[in-house]
Amino acid sequence: MISLIDYGAGNVGSVLKAVKFLGYSARVASSPTDLDGAEEIILPGQGHFGQMMTALADRQLLEPLRGALAAGKPFLGICLGLQALYEASDEAPGVAGFGILPGRVARFEGVFKVPHVGWSDIQVRNNAGLLRGVPSSSFVYYCHSYYGPVTDAATAVTEYGQTFAAVVERENVRAVQFHPEKSGLVGLTVLKNFLDS
């Protein structure tokens with residue numbers, strides 16, 4: 001069973017529709033017991049870094065999620081769900097992320113428009129895993145004001161004033177900064193690659 005984390009925000013409904021469109025069974029998880037028996041976990045994130053981490057804690061989902069990540073459970077973070085994998089974010093100083101990836105999430109500076117909304121291309125560094133069958137320079141849909149720094153876990157990057165991590169993959173943990181549920185065939189391919197892994 002695939003569990004989609006619902007912390008009171010995030011684009012859970014659209015992601016659930018995309019997962020079901022691909023032919024998979026999924027459920028919405030808004031309490032720790034909803035994670036029991038989860039074979040794969042998706043965290044569709046949207047909004048404010050600090051508010052998301054607080055909401056996860058308030059719903060008693062934060063520690064079960066940390067445990068699932070450490071135990072090797074397949075995990076996909078979307079948008080803010082990618083940013084949560086870093087140690088911290090400038091959006092919410094003093095609030096810790098999951099710490100799977102080193103570094104801090106930063107706000108876009110020196111660009112024409114923030115947030116970064118719309119279609120941008122990804123430069124693929126590794127076509128395995130999530131990006132199997134996705135050509136470099138494919139376009140995906142973004143909506144974000146903050147971005148994760150590029151680390152050795154980045155399998156694709158995008159340029160928007162700064163070069164940032166578009167896709168990250170480390171062992172059981174995978175995440176995308178863009179919205180696959182809004183990114184057409186490319187997004188569905190990414191979702192299917194995760195669900196098939």
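The structure we're discussing is the one just above.
Quick caveat: nothing in here was measured; it's all calculated off a predicted structure. (Residues numbered from 1 in each chain as written. Predicted model: local features only at pLDDT ≥ 70, side-chain atom pairs only at ≥ 80, totals over all residues. Heavy atoms only, no water.)

## Focus: the sheet that holds strand 13 (residues 173-176)
What counts, and what does not: When DSSP finds two or more bridges between a pair of strands, those strands are recorded as paired. Only DSSP runs of H or I with at least four residues qualify as helices, and only runs of E with at least two residues qualify as strands; both kinds are numbered from the N terminus onward.
The strand order 2-1-3-4-13-12-11-8 describes an open sheet built from 8 strands, whose pairing is mixed. The open sheet has two edge strands, strand 2 (26-29) and strand 8 (123-124), and neither has a second partner. Bridge analysis of strand 1 (residues 2-5) against strand 2 gives 4 bridges, and the strand direction is parallel. Within strand 2, the position partnered with Ile2 by the bridge is Ala26.

## Things to note about the pairing of strand 6 (residues 101-107)
Pairing geometry for strand 5 (residues 86-89) and strand 6, over 3 bridges, is parallel. Counted as the bridge partner of Tyr86 is Leu101 from strand 6. Sheet topology note: the strand 6/strand 10 (residues 146-147) ladder contains 2 bridges and is antiparallel. Note on strand 10: the bridge partner recorded for Arg107 is Tyr146.

## Digging into the pattern of salt bridges
Counted only if it meets this: Salt bridges are identified by distance alone: a Lys or Arg side-chain nitrogen within 4 Å of an Asp or Glu carboxyl oxygen. Relative accessibility thresholds used throughout: buried, under 20% of the residue-type maximum; exposed, over 50%; partly exposed, between the two (1.4 Å probe, protein chains only).
Within the structure shown, the criterion is met by 5 salt bridges. Across the pair Asp152 and Arg170 runs a salt bridge whose closest N-O atoms are separated by 2.6 Å. With Asp152 in the loop between strand 10 and strand 11 (154-160) and Arg170 in strand 12 (residues 162-170), this residue pair connects regions lying 18 residues apart in the sequence. Residue Asp152 is classed as exposed on the basis of its relative accessible area, which comes to 69%. For Glu169, the salt bridge goes to Arg174, with nearest N and O atoms at 3.4 Å.

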